[in-house]
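A look at the structure
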Amino acid sequence: MFECLNADQAIPTDQVSVGINLPPIAEPKKGVHVRKRVLVALRAYGDHELADEYERCNPRDLCRLHHCDRCRGRWFYSALNRVNETKALFYGSQPYHDIEAKRHMRHVTGLVALVRLSVRAIKAAIKECKKGFQSFSKKFKNVPVLGFYEIELINVPMMVQAGACPEKRRTLEEMLGRDLSEVNEVMALVHWHVLMFFRGGNGDEEKVQKWLRKHYPHRRQVRIDPLRWEQDLSDSLKKLAGYPLKNRHRYNLSFDTHGYENGNYIRPKELSFLVKLSREVPISEMKIRLRC
Ligand SMILES: [Zn+2]
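Overview of the structure. Just so we're clear, the structure is a prediction, and the values are computed from it rather than from any experiment. (Residues numbered from 1 in each chain as written. Predicted model: local features only at pLDDT ≥ 70, side-chain atom pairs only at ≥ 80, totals over all residues.)

**Comments concerning the overall build of the protein chain**
If you tally the helices and strands in the protein chain, you get 11 helices and 6 strands. A burial count over the protein chain gives 40% of its 292 residues as buried. (Helix = DSSP H or I, 4+ residues; strand = E, 2+ residues; numbered from the N terminus. Buried ≥ 20, exposed ≤ 12 C-beta atoms within 10 Å, placed from the backbone.)

In structure tokens form, the structure reads like this:
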């Protein structure tokens, strides 16, 4: 079922973990812990060169690894600037223009594919999705879209055993075309989070919803949320601009933004795969920027 929620049902953006103080990865108080886990994972799988780069990352010699909080901070600020510039160009830069922006901007999540944990499969899923966005961009010439792809690891056996979140399981099964109980591996859920800029009254939002429903036909495969009306626009944008850059290092067994807190840590093997993926699919290829 296509999800389009009212303002009072929106994702509570204060649960989204990216803020102005740039907490390291998704867990503000555990940044050091996360860096250690990444290093251990890389070294355990013989990736000493990457581990060295990660360790010595600094503004003059950035490691550009997805799980680096230092690099992530820079990407976050650049994404936030782009969002704010687009907002100002599209709606205007006076404080009263924020009302229109708040009313018509949408935070949209699309699940692209559940694929094997292989660079080739992940790249293929992103490539295919980009083709879809190309046709989107041609069709919707007045709708700027800004965001990123994100790769979430799904520990399928753990999910099945835990019996967690039947909704998420059902969506993944529909996308995969198989029962998850037949799958005995960790898989990658390729998805994206974007901000879309609409104007009221021109019907674009309805047409975009229709397009998304057609291209993402499974239940909960797309989610469209308005911004929180009671929250200051700049706070919402700060949180949402960096939301796809969370690079979690625990499994999230549910659709809940905070569901990862109940999940177990990603094993070193898969964590090192994810970090190494940064070299194959760099941040420049993870960006989604249409018409802005
Ligand atoms: Zn770095």
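On we go.
**A short note on the environment of glutamine 161**
Counting through the fold element by element, glutamine 161 comes out in helix 6 (residues 156-162). Linking glutamine 161 and serine 181, residues 20 residues apart in sequence, is a C-alpha distance of 8.8 Å.

**Here's the deal with the packing of helix 3 (residues 69-91) against helix 9 (residues 233-242)**
Packing of helix 3 against helix 9 leaves a shortest axis separation of 9 Å and a crossing angle of 130°. Taken together, the axes of helix 3 and helix 9 lie oblique to each other. In this structure, helix 3 meets helix 9 at a crossing whose hand is right-handed. On helix 9, the residues that touch Phe76, Ala79, Leu80, Val83, Asn84 and Lys87 of helix 3 are Leu237, Lys238, Ala241 and Gly242. Here the residues of the contact of helix 3 with helix 9 are counted per class, giving 6 nonpolar, 2 polar and 2 charged. (Axes fitted to C-alpha atoms, helices over the stretch in contact; angles between N-to-C directions. Parallel < 35°, antiparallel > 145°, perpendicular 65-115°, else oblique. Left-handed = near helix turned anticlockwise from the far one by under 90°. Contact = placed C-beta atoms within 7 Å. Nonpolar A, V, L, I, M, F, W, Y, C, P; charged D, E, K, R; others polar.)

**Examining the nonpolar core**
Soluble globular proteins tend to bury their nonpolar side chains together. In terms of nonpolar packing, the biggest core is built from 70 residues, with Ile154, Val190, Met196 and Val275 touching the most fellow members. For valine 190, the contacting residues outside a window of four places in its chain are Val112, Ala113, Val115, Ile122, Ala125, Ile126, Tyr149 and Ile151. (Core = buried A, V, L, I, M, F, W, Y, C linked by C-beta atoms within 7 Å.)

**Here we look at the environment of leucine 117**
Relative to the helices and strands, leucine 117 resides in the loop between strand 2 (105-116) and helix 5 (119-139). Assessed through the 18 C-beta atoms surrounding it within 10 Å, leucine 117 is described here as partly exposed. On a C-alpha basis, the gap between leucine 117 and isoleucine 154 in space is 9.6 Å, while along the polypeptide they are 37 residues apart.

That is the geometry; function is a separate question.
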